Amino acid sequence: MLKHLVLTRVLVHLRAKDKPFRAIDTHAGLGVYDLEADEAGRTGEWHDGFGRLDLAFEPEVEALLAPYRAAVAAVRARHGATTYPGSPAIIREHLRAGDKGVFVELHPADAQTLAQRYASDSRTKTLHLDGWTALNALIPPPERRGLVLIDPPYEERGEIDRLGMQLLKAARKWPTGIYLGWYPIKDVSGVDRMATALDAGLERPALRLDLMIERPDDPTRLTGTGLVVINPPWTLAAEAEVFLPALAERLARSGYGAFRCERLGREG
């Protein structure tokens with residue numbers, strides 16, 4: 001949910017100018033998910049996340065959530081009331097004529113589903129490819145404006161460090177692109193190490209946005225999530241200072257909720 005909210009805020013920023021942009025999702029998944037079926041339905045985890053957004057927040061928070069809520073509503077109108085949009089669907093809802101969405105997925109069946117889902121939309125393209133390979137191959141895009149969302153599955157050791165290294169490499173190749181790198185928070189020291197390396201190596205401004213919903217006492221358990229945003233919209237830090245504490249309070253478990261909004265890189 002944090003990933004999709006921040007993604008939406010960046011897309012809103014890109015839409016503020018008439019010039020076209022390209023949004024690249026390197027680990028796209030299925031695009032749309034049914035909350036009452038498959039894994040989501042079995043685990044019911046969404047009830048403690050997105051399910052807690054039914055009650056409205058304060059007006060200033062709701063103003064920032066409005067485009068995200070609108071995207072969810074649009075996807076549900078198209079695919080059914082129990083569906084939830086993945087990042088490709090969030091991106092698609094924000095594309096204008098002339099904008100492009102590129103969705104990369106390595107899993108063959110998921111890539112085929114994704115391609116079929118968006119086959120009729122000329123603004124989108126699906127690639128069956130390794131996401132890390134695609135990251136290097138697809139930048140800089142022809143439009144020279146846009147974002148790259150990197151959300152790997154974190155099934156291998158060292159993926160958080162790899163995320164930091166790949167972000168540094170990508171920011172050198174396309175210095176003006178907006179990059180969103182998502183990570184789970186289990187071992188906080190690993191995230192701190194990655195953030196420290198980015199802070200030292202980035203020649204561009206960046207933000208570290210963390211949302212914690214449980215005490216990070218056990219490094220084997222998921223206690224929060226976060227994103228690094230390179231070249232963030234100039235309004236994003238102030239926006240995060242509004243929605244992060246509201247989400248931390250609403251989603252807190254066992255009486256613990258926390259957040260971080262920290263500048264890295266050139267303006268760190």
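Here is what the cut-offs are and how they apply
- Residues numbered from 1 in each chain as written.
- Predicted model: local features only at pLDDT ≥ 70, side-chain atom pairs only at ≥ 80, totals over all residues.
- Heavy atoms only, no water.
- Buried < 20%, exposed > 50% of the residue type's maximum accessible area, 1.4 Å probe, protein only.
- Helix = DSSP H or I, 4+ residues; strand = E, 2+ residues; numbered from the N terminus.
- Pairing = 2+ DSSP bridges.
- Right-handed = clockwise from strand over helix to strand, strands pointing away.
- UniProt positions renumbered as here; feature names shortened; annotations may be inferred.
- Polar contact = N/O pair within 3.5 Å; in protein donor to acceptor, adjacent residues only side chain to side chain.
- Phe/Tyr/Trp six-rings, centres within 6.5 Å; stacked < 30°, edge-to-face > 60°.
- Lys NZ or Arg CZ within 6 Å of the ring centre and 35° of its normal.
- Axes fitted to C-alpha atoms, helices over the stretch in contact; angles between N-to-C directions.

1. Overview of the pairing of strand E6 (residues 146–150)
Here is step 1 of the chain: With 5 of 5 residues buried, E6 lies mostly within the body of the structure.
Here is step 2 of the chain: On E6, burial covers both faces: Gly146, Val148 and Ile150 on one face and Leu147 and Leu149 on the other are all buried.
Here is step 3 of the chain: One ladder, built from 4 bridges, connects strand E1 (residues 22–25) with E6; its direction is parallel. Each residue of the ladder has a partner; that of alanine 23, found in E6, is leucine 147.
Here is step 4 of the chain: As defined by bridge partners, E6 adjoins strand E7 (residues 178–185) across 4 bridges and the pair is classed as parallel.

2. Digging into the pairing of E7
Here is step 1 of the chain: Buried residues dominate E7, accounting for 8 of its 8 residues.
Here is step 2 of the chain: Alternating positions in E7 separate into two faces, Ile178, Leu180, Trp182 and Pro184 on one and Tyr179, Gly181, Tyr183 and Ile185 on the other, with burial throughout.
Here is step 3 of the chain: In this region the chain leaves E6, passes through helix H7 (residues 159–173) and returns to the parallel neighbour E7; the handedness of that crossover is right-handed.

3. Some points on the UniProt feature "active site" (unreviewed entry) in the protein chain
Here is step 1 of the chain: The UniProt feature table records "active site" (unreviewed entry) at Asp151.
Here is step 2 of the chain: Looking at the element boundaries, aspartate 151 is found in the loop between E6 and H7.
Here is step 3 of the chain: Reaching out from aspartate 151, the side chain makes a polar contact with the side chain of lysine 3 at a distance of 2.3 Å.

4. Comments concerning the packing of aromatic side chains
Here is step 1 of the chain: On inspection of all chains with the given rule, the structure shows 3 aromatic pairs.
Here is step 2 of the chain: Plain terms: the ring middles of tyrosine 154 and tryptophan 182 are 5.9 Å apart, the flat faces sit at 65 degrees to each other, and that makes the pair edge-to-face. Here the residue tyrosine 154 occupies a position in the loop between E6 and H7, and tryptophan 182 occupies one in strand E7, the gap between them amounting to 28 residues.
Here is step 3 of the chain: Here tryptophan 182 falls in the buried class, since its relative accessible area comes to 17%.
Here is step 4 of the chain: Over the face of the ring belonging to tryptophan 182 we find lysine 3, whose NZ or CZ atom lies 5.7 Å from the ring centre.
Here is step 5 of the chain: When the ring centre of phenylalanine 57 is taken as origin, the NZ or CZ atom of arginine 250, which lies over that ring, is 3.9 Å away.

5. Overview of the sheet that holds E7
Here is step 1 of the chain: Spatial strand order, E5-E4-E1-E6-E7-E9-E8-E10: 8 strands in an open sheet with mixed pairing. Whereas interior strands pair on both sides, the edge strands pair on one side only; in this sheet they are strand E5 (124–128) and strand E10 (258–265). Shown here is a sheet whose adjacent strand axes are inclined to one another by a mean of 15 degrees, direction ignored.
Here is step 2 of the chain: Judged from the 7 bridges that link them, strand E8 (residues 205–212) and strand E9 (residues 224–230) form a sheet pairing that is antiparallel.

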